Structure formats: C-alpha cells, structure tokens
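Here are the chains, one letter per residue:
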Amino acid sequence: MSHCAAGPGHWRAEHRSGSPAVNGPPPPAPILLVLPDEQTVRVRLHERRQTRGLHPWRYLIGVPSWVARRDGVEAAEYRVWVTANQLQPIEGVDLSSVPTHRLPAELPPPTPSGWVVRPDPERRGGTVVHEAICRKSGGGGTELDAMQALDALVRPGARACHDCDAAAVLKPALELGKGYA
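Everything numeric in this text was worked out from a predicted model, so none of it was measured. (Residues numbered from 1 in each chain as written. Predicted model: local features only at pLDDT ≥ 70, side-chain atom pairs only at ≥ 80, totals over all residues. Heavy atoms only, no water.)

Engineer: Explain the pattern of salt bridges here, please?
Structural biologist: It is possible for side chains of opposite charge to pair when their charged atoms get near one another. On inspection of all chains with the given rule, the structure shows 8 salt bridges. Taking the shortest distance from any N to any O, the salt bridge between Glu77 and Arg44 comes out at 2.7 Å. One end of the pair, Glu77, is in strand β4 (residues 72–82); the other, Arg44, is in strand β2 (residues 40–50), and 33 residues separate them in sequence. Residue class for Glu77 comes out partly exposed when judged on its relative accessible area of 30%. For Arg44, a relative accessible area of 39% translates into the label partly exposed. A single network of salt bridges, built from pairs that share partners, joins Asp120, Glu122, Arg123 and Arg159. (Salt bridge = Lys/Arg side-chain N within 4 Å of Asp/Glu carboxyl O. Helix = DSSP H or I, 4+ residues; strand = E, 2+ residues; numbered from the N terminus. Buried < 20%, exposed > 50% of the residue type's maximum accessible area, 1.4 Å probe, protein only.)

Engineer: What is the right way to look at helix α2 (residues 166–176) in this model?
Structural biologist: An α-helix turns once per 3.6 residues; consequently, residues spaced three or four apart project the same way. Residues of α2 that are buried: Ala166, Ala167 and Leu170. Along the long axis of α2, the arc covered by the buried residues comes to 90 degrees, so they all point the same way. For α2, the exposed residues lying more than 90 degrees away from the buried face are Ala168 and Leu176. Here the buried face of α2 lies against β7 (115–119), β8 (127–131), α1 (146–153) and β10 (158–160). (Arc of directions from axis to C-beta. Contact = heavy atoms within 4.5 Å.)

Engineer: Would you mind going over the side chain of His130 with me for this structure?
Structural biologist: By secondary structure assignment, the location of His130 is in strand β8. Look at His130 and you get buried, because its relative accessible area is 5%. Once residues within four sequence positions are removed from consideration, His130 is found in contact with Gly114, Trp115, Val116, Arg118, Lys136, Ser137, Cys161, Cys164 and Ala166.

Engineer: Mind showing me how you'd approach the nonpolar core here?
Structural biologist: As a rule of thumb, soluble globular proteins bury nonpolar side chains together. Trp115, Val129, Leu144, Ala149, Cys161, Ala166 and Leu170 are the most contacted members of the largest nonpolar core, which totals 16 residues. Going through the elements one at a time, β7, β8, α1 and α2 are the ones with two or more residues in this core. Here this core gets 4 residues from one element, more than from any other, and that element is α1. Among all residues touching Val129, those that are not within four sequence positions of it are Trp115, Val116, Val117, Ala149, Ala152, Leu153, Arg159, Ala160, Cys161, Ala166 and Leu170. Core analysis: the next-biggest nonpolar cluster, separate from the first, contains 14 residues, Leu33, Tyr59, Ile61 and Leu87 among them. (Core = buried A, V, L, I, M, F, W, Y, C linked by side-chain atoms within 4.5 Å.)

Nothing here speaks to function; it is geometry throughout.
Here it is as structure tokens:
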C-alpha cells in the first residue's frame, strides 16, 4: 500500500486556473483515506492548502456518512482536514481540477503600527513622536505602543508630529488624562 508520505508533490497535480469554474467550484476528486488500522475508505478531495509547520499541506476531504432524521436516515458528508499521510491516490484519477491554495512566495513586509519617537531635528535634546507610518518617522527612531507614546510626549522637550496623526490623536488623549496623574 503506498501512502502519500513522500509528500503532496509526489502525486499532486497543479491547479492551473487559480479560480473555480464559472458555474461554481469543480467537483471533488475521489481519493482514498487510510484509516489507523490500514483500511481505506473512498472519500472526496475538495481542496488542498499549503501551510507552515510539520505538515506543509492540508487536504479538505468529505467522508461519506449517514444522518438520522425523523423519517429515517439520509446520506451525508463529514468534512475534515487531513495530511498527506492519511491519503492515498487512486490510480488513473486526475487531481488537477482540485483547488490548490499555495502560500505566497514571500510574505509582504509587515505594516508598521503604533508610534515612533525620534530626536527632534529642530531642537537640541528634544524628541518628536510620529505615527509609525509617517514619512518622517523612518531611520533611527524607537517603536512605541500607545501608552509609551503618551509617556514620551509628557517628557520635557517632546512634541507630536503635525505631518501625521500623532498630534491629532495623542494630544487629546493627554488632555483626557490630566486629572488622573
């Protein structure tokens, strides 16, 4: 019995179009689910998703089951994510239409959030608090969370930048906290 322990690349065909068919998603492909006692059950492969970690690919399968109703039982499908170790391809079955979701080749750089304090270029010994995305905050600043930014603004020689939202957001917050010091 040949499991997919070699990884999904061993038997996984590339999803070419990148999007579902015009009339909805493509029909699921048949594949074998290998149970812990080595029995196999024919299931339906709905999609593949690349992930980070020990098992780089996850597979959404539909396992046939029964659901009890008042008037009897009816066929149903239980959907669950499994790894390649639990699947075995069926010879002659084309898996190329199964939607495949790959991780981006490179993650986009994180968007700065919060605040940055930098030396004030206009006043010796002073500092300026900027919003992290402010064009004047780059190079040599220290990243701060909101409370640290407020603390930095109450220090002697500190001011909030007026080119970004620092002055509009932080100064009113300081005013609200005046009676609590």
